[in-house]
Amino acid sequence: MNSSVRILAEKIQAGYSGGDVVKNVSCSFTTGTFTGIIGPNGSGKTTLLKAFSRVIPSSGILELDNKAVSAYSPAELSAALGFVPQDEGRAFPYSVLQVILMARYARTRRFASIGSDDYARCHRALTVTGLARLANRSILTLSGGEWQRVLIARALAQDTGVLLLDEPTSHLDLSHQVEIFSLLRSLAAAGSTVIGVFHDLTMAALYCDRLVMICDGKIVADGRPEDVMTPEKIREVYGTEVVSSFHPVTGRMFLLPVDSGFPPGISGELQNVLVISGGGCGGELLHFLFRKGYRLSAGILATTDSDYLATKTLGIPCIAIPPFSTIPAPAQEKFRNSLARADRIVFSVHPVGWGNLPVLLALREVDPARIILHLPEGRDFASFDFARGSALPVLSGLCAAGARCSSGFGEILEFLEKTKGKPEFRNEL
Ligand code: ADP
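A few points on the structure.

Once that is clear, we can look at the overall build of the protein. Secondary structure assignment for the protein yields 15 helices and 18 strands. Taken over C-alpha atoms, the radius of gyration comes to 29 Å for the protein, far larger than the 22 Å a tight globule of 429 residues would show. Seen through its principal axes, the protein has C-alpha atoms that stretch 95 × 45 × 40 Å. Residues counted as buried form 36% of the 429 residues belonging to the protein. When contacts within the protein are restricted to residue pairs at least 6 apart in sequence, those whose partners lie at least 24 apart make up 66%.

Structural data, given as structure tokens:
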């Protein structure tokens, strides 16, 4: 499909009596695309959508299908652009069908009547939004979610090439959210230009082709979801720590808040703590120590390991290697240097096979008094040995030589705090 620009905005400014909310925004939207506008509360998303749909005036250049939006008559605009507001008052007991039919009246010339084709479009809009059985119900009796779907159905009945929606799924349960997002995606696939303001970043990333991130009335990121919704950008714009991952079925990205409930610690004197983990066993520990304020490093981790993802999210330097590879010599060398530099080494006991056995073996070269082995309660070293008994003696040997063994994060913290700034402390514990 050839895509052409349907909405063109250049240096748009718009706002209210208190001043401009949308500041100098330039962007364009082509046919056949589904764009999500995201950003924190009060950043100007709704105001931008209102400017696009001429609900509020704007300065700058704003074109719809190569014609200034200001030059459209109300009927022409209704035929070209559908707008779904966040909510709309319900003062009169109209039936659902009557409200949907209003969309057809809006786009007909004055005094022209509506015909069977208009009714057919309205019924199709009711069907695709799952409202057919409610066609004759008074809108005053609808739930918030049903009313939201009526507003979407009304815009669909307008049958426009451009559809703007302001938080169209905020009142919907999961199954209706999925239905509406799928519907919007299929409308875009059929050639429409669909732009929606969304708060649910995961759903937006799952369905939209493009995300435009707004902050303080300006576009701060614009592109494919995986390029826009990076943990760094989310931290910068939303002030929240998130971890990103990929949907196991669709491959699309999703975000989850990092908050694991660990209170921040009072970090006095900083210590270099090297965390050795793997197999997804170390993420929580990394976050715990990160929150306590230690200067962390990690390794050696495969880039497919979720522990590696944790280091990326938290900005912890990590020696990383490709998955399923033996550890290359430069990584081994870097790791030896990290061992030498670290004040303390926390080895979170994890599955050890032939591939990562050299990491464990390297610990034998380190003063065991600098090492703490974290073994989850109820587990033993043997259950982590996947190297036919080669790992077990190394782990037991480290313990016997003076490495401390802990089963809880509290013990690790106690060890790190007690030994702060003391190179030799074995006898004090
Ligand atoms: P968002 O959709 O990103 O949450 P909005 O565009 O709704 O943000 O609002 C952006 C800013 O404009 C907010 O500070 C809000 O208080 C203000 N605002 C929104 N609507 C009006 C209005 N009708 N009159 C005055 N200020 C408004």
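Counting 65 residues, the largest nonpolar core has Ile100, Ala153, Leu164 and Leu211 as the members making the most contacts within it. Sorting elements by how many residues they give to this core places helix H5 (residues 144–157) first, with seven residues. Those residues within four positions of isoleucine 100 in sequence are excluded, and the remaining contacts are Cys122, Ala125, Leu126, Ala153, Arg154 and Ala157. Val275, Ala298, Val346 and Ala403 belong to the second largest nonpolar core, which has 39 residues in total.

Further remarks concern the sheet that holds strand E7 (residues 162–166). Taking strand neighbours across the sheet as the criterion, the six strands line up as E6-E7-E8-E3-E9-E10 in an open arrangement whose pairing is mixed. Every interior strand has two partners, whereas the edge strands, strand E6 (81–84) and strand E10 (218–223), have only one. The mean angle between the axes of side-by-side strands here comes to 15°, regardless of whether they run parallel or antiparallel. The pairing of strand E3 (residues 33–38) with strand E9 (residues 210–215) spans four bridges and is parallel.

Time to look at the site of the ligand. In the vicinity of the ligand, the contacting residues are Tyr16, Gly18, Val21, Gly39, Asn41, Gly42, Ser43, Gly44, Lys45, Thr46 and Thr47. Classifying every residue of the shell around the ligand gives two nonpolar, eight polar and one charged.

Look at helix H4 (residues 116–128) against H5: their axes get within 8 Å of each other, and the N-to-C directions meet at 140°. In terms of orientation, H4 and H5 fall into the oblique class. In this structure, the crossing between H4 and H5 has a hand that is right-handed. Here Arg121, Cys122, Ala125, Leu126 and Val128 of H4 lie close against H5, whose contacting residues are Ala153, Leu156 and Ala157. Of the residues belonging to the contact of H4 with H5, the class tally is seven nonpolar, no polar and one charged.

To continue, consider the sheet that holds strand E18 (residues 404–406). Taking strand neighbours across the sheet as the criterion, the six strands line up as E15-E14-E13-E16-E17-E18 in an open arrangement whose pairing is parallel. Only two strands of the sheet have a single neighbouring strand rather than two, namely strand E15 (318–321) and E18. Averaged over neighbouring strand pairs, the angle between their axes works out to 20° when direction is ignored. Note: strand E13 (residues 272–276) against strand E14 (residues 295–302), four bridges, orientation parallel. Following the sheet pairing, valine 275 is matched in E14 by alanine 298. Against the sheet, helix H11 (residues 306–314) engages E14 and E15, with an angle of about 145° to E14.

Let us look at the pairing of E14. Once the chain exits E13 it traverses helix H10 (residues 283–292) before rejoining the sheet at E14, and the crossover so formed is right-handed. Bridge count between E14 and E15: four bridges; the pairing is parallel. Residue alanine 298 lies in a different strand from E15, and its bridge partner there is cysteine 318. This β-α-β element, E14 to H11 to E15, shows right-handed connectivity.

With that out of the way, let us pick up the environment of glycine 283. Among the secondary structure elements, glycine 283 is positioned in helix H10. Taking the C-alpha atoms as reference points, glycine 283 and leucine 184, separated by 99 residues in sequence, lie 37 Å from one another. Once you skip the residues sitting within four places of it in the chain, glycine 283 turns out to touch Ser306, Asp307 and Ala310.

Attention now goes to unusual backbone geometry. Cis rather than trans, the peptide bond between glycine 299 and isoleucine 300 has omega equal to -5°. Inspection of the secondary structure assignment puts isoleucine 300 in strand E14. Although it is not a glycine, asparagine 66 adopts a positive phi angle of roughly 65°. Owing to 9 C-beta atoms within 10 Å, asparagine 66 belongs among the exposed residues under this scheme.

With respect to the secondary-structure elements, glycine 280 resides in the loop between E13 and H10. Each C-alpha atom of the pair glycine 280 and histidine 199 lies 30 Å from the other, and the pair is 81 residues apart in sequence. The contacts of glycine 280, once residues within four sequence positions are left out, are Asp305, Ser306 and Asp307.

Reading the values: the criteria
Residues numbered from 1 in each chain as written. Predicted model: local features only at pLDDT ≥ 70, side-chain atom pairs only at ≥ 80, totals over all residues. Helix = DSSP H or I, 4+ residues; strand = E, 2+ residues; numbered from the N terminus. Rg over C-alpha atoms; globule rule 2.2 N^0.38 Å. Buried ≥ 20, exposed ≤ 12 C-beta atoms within 10 Å, placed from the backbone. Contact = placed C-beta atoms within 7 Å. Core = buried A, V, L, I, M, F, W, Y, C linked by C-beta atoms within 7 Å. Pairing = 2+ DSSP bridges. Axes fitted to C-alpha atoms, helices over the stretch in contact; angles between N-to-C directions. Near = placed C-beta within 6 Å. Nonpolar A, V, L, I, M, F, W, Y, C, P; charged D, E, K, R; others polar. Parallel < 35°, antiparallel > 145°, perpendicular 65-115°, else oblique. Left-handed = near helix turned anticlockwise from the far one by under 90°. Right-handed = clockwise from strand over helix to strand, strands pointing away.

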